Amino acid sequence: MRSSLIGRAWGRAWALLPARTDLDQARRDPRRDLLAGLTVAIVALPLALGFGVTSGLGAEAGLATAVVAGALAAIFGGSNLQVSGPTGAMTVVLVPIVAEHGPGGVLTVGLLAGLILVALAMARAGKYMQYVPAPVVEGFTLGIACVIGLQQIPNALGVTKPEGDKILVVTWRALQEAGKAPNWTAIALAGAVAAVMLIGARLRPTIPFSIVAVIAATLVTQTFHLDAARPIGKLPAGLPAPSLSFLDLGSLGSLLAPAVAVAALAALESLLSASVADGMTVGQKHDPDRELFGQGLANIAAPLFGGVPATGAIARTAVNVRTGASSRLSALAHAVVLAVIVFAAAPLVSKVPLAALAGVLIATAIRMVEVGSLRAMARATRSDALILVLTAVATVCLDLVYAVIIGLAVAGALALRAVAQQARMDQVPLDHGEHTDEEHALLDEHIVAYRMDGPLFFAAAHRFLLELAEVADVRVVILRMSRVTTMDATGALVLKDAVEKLNRRGIAVMTSGIRPGQYQVLDSVGALTLLRHEGRSYATTPEAIAGARTHLERAGILPAGPTDTGPRAGSQEETVR
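These lines cover the structure that appears in this document, whether it is placed above or below. Note that the structure is predicted; figures quoted are calculated from it, not measured.

1. Notes on the overall build of the protein chain
The number of helices and strands found in the protein chain is 26 helices and seven strands. In terms of overall size, the protein chain is more extended than a compact globule, its C-alpha atoms giving a radius of gyration of 33 Å where 577 residues would be expected to give roughly 25 Å. Structurally, the protein chain occupies a C-alpha span of about 110 × 60 × 50 Å along its principal axes. Of all 577 residues assigned to the protein chain, the portion counted as buried reaches 49%.

Okay, here's the thing in structure tokens:
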């Protein structure tokens, strides 16, 4: 037994490893892929520096993540075009972890999150990420963009980041401090860099204006000795040796919940980014489980080199696709180029002003907001608009994990409400067969028939109970159930309760057309035995009407007499249920 489980686990792990086809694809057009990788590296450099600084671990942590996680995710990930590294969404989650547990806590969380992602890949959990509703994703993205922009306010204003882990509080304190003594140099640099990126992207979208603006800002500050523009500071010339010294085994219990949150965010953002890459190309389709596996390995390795947790990066992936990448060689080349920069140009990178990086991230946050998509989602339905707004507000005011949970919960509740509204119970005329007019009148006086349509489950069942409980002045109720699409235990219990209440009032309940798949749930709560009492469950409605007449005859309400009420020759089963 144990050997069988080990064998299946090994087979599953083997299926997630790189295949020969990956190497074949990398050989098709290496020159084009290498050029795309160089372009992505130029775009990624200021982002890696900025997100590293924003996370609280420093610019070197962002670079280490971009190099190590970017390379491993490129090799082992499930997308040919995905580019991974530090992202703004992950930074939003990491800031409170740094505040509570320190840098070592963040590295431990990243390692644990990587192990969770590998476990999710082994469990084939990647396919479930596709069920996240679009309004949740749009609201999530809008909220992240707002948080990223707000996180840059202290550096853009040239003030030291105030204490606190609530982004709105920190932003307000930074504004108050800047109001006392404005740092116009930092404000001008951040504004100029953001303006160059936003305007340049419209005029020449193929040019990486982020690196152009950062270089220009660095040259200006160094040439004119603008001391008010604080630089990044000294960077190590290379990556540190891998180490597990940051692990605090005594704190693993308290770090497990943040690790689950980081893993959930990494999975969601990476698979979303991979899906975006698929949509921008023809013939590309990512493997969600393998993508989780690659991101897991990347997040296990990055903390060993002092890096922060990583995910697939939508903006860098989009640049990769637009510059003509066709295989994972481009993402790997991007990591190699960044490694060369780390080893060869660390002294130059250390002089980049923090305000310039703030401008880059502010522009990135603005470009993350797709106004057209938000407008379309808000106009779709009121439910979609509500979900979008709630998710975005929760992202800013709470955190990303709570935001997704709230968005999913509200979306699920509204979906259940919509499904429940489709369920109906309508009174329908009786199909009397070959009765006389006098018999028709007698039957109509004592029998009422209801047709139940749609799902009979917890969200809709109680409404049916109220409708049935109001039935009066009849002796028999016929429930036509052939159109009940699904039924859960709550629906069966409510139905049982309604039948018992009607029986106590002397009203007999007949059923027709119960589907075979619904017998089990009815039987599990004891409703089936009650419905079959004295043979009161029938296959078709005419049979139920005949049973109702027999019941009325036995009660002395109708005169006894043989009547043919069965289905006529040539009639279709669907018309009599």
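Right, picking up where we left off after that structure.
2. Some details on the sheet that holds strand β3 (residues 424–428)
As summarised here, the arrangement of the five strands in space is β3-β4-β5-β6-β7, forming an open sheet in which the pairing is mixed. Because the sheet does not close on itself, it has two edges, and the strands there are β3 and β7 (537–538). Two strands pair when backbone bridges link them, and strand β6 (residues 508–512) and β7 are joined in this way by two bridges, in the parallel orientation. Following the sheet pairing, Ser512 is matched in β7 by Tyr538.

3. Observations regarding the layout of surface pockets
In this structure, the largest pocket occupies an estimated 1500 Å³ of space. If you go around the largest pocket, you meet 49 residues; those closest to its centre are Ala315, Ala318, Arg367, Met368 and Glu370. For the lining of the largest pocket, the leading source of residues is helix α6 (residues 134–151), giving eight residues. Its residues placed into classes, the lining of the largest pocket shows 31 nonpolar, 10 polar and eight charged.

4. Regarding the environment of Leu265
Considering the arrangement of structural elements, one finds Leu265 in helix α11 (residues 252–279). Not counting residues within four places of it along the chain, the set of residues in contact with Leu265 comprises Ala89, Met90, Val93, Phe140 and Leu400.

5. Observations concerning the environment of Met122
With respect to the secondary-structure elements, Met122 resides in helix α5 (residues 88–122). The partly exposed category is assigned to Met122, whose relative accessible area is 27%. With 165 residues separating them along the chain, Met122 and Asp287 place their C-alpha atoms 13 Å apart.

6. Observations regarding the nonpolar core
For soluble globular proteins, nonpolar side chains are generally found buried alongside one another. Core analysis: the largest hydrophobic core is formed by 91 residues, its most contacted members being Leu49, Ile232, Leu235, Val262 and Leu400. Not counting residues up to four positions away in its chain, the partners in contact with Val262 are Met90, Val93, Leu94, Ile97, Val109, Ala113 and Pro309.

Rules of the game
Residues numbered from 1 in each chain as written. Predicted model: local features only at pLDDT ≥ 70, side-chain atom pairs only at ≥ 80, totals over all residues. Heavy atoms only, no water. Helix = DSSP H or I, 4+ residues; strand = E, 2+ residues; numbered from the N terminus. Rg over C-alpha atoms; globule rule 2.2 N^0.38 Å. Buried < 20%, exposed > 50% of the residue type's maximum accessible area, 1.4 Å probe, protein only. Pairing = 2+ DSSP bridges. 1 Å grid on protein atoms, 1.4 Å probe; cavity = no way out; pocket = protein on both sides within 12 Å on 5 of 7 lines; lining within 4 Å. Points joined across faces, edges and corners; volume = space filled by probe spheres on them. Nonpolar A, V, L, I, M, F, W, Y, C, P; charged D, E, K, R; others polar. Contact = heavy atoms within 4.5 Å. Core = buried A, V, L, I, M, F, W, Y, C linked by side-chain atoms within 4.5 Å.

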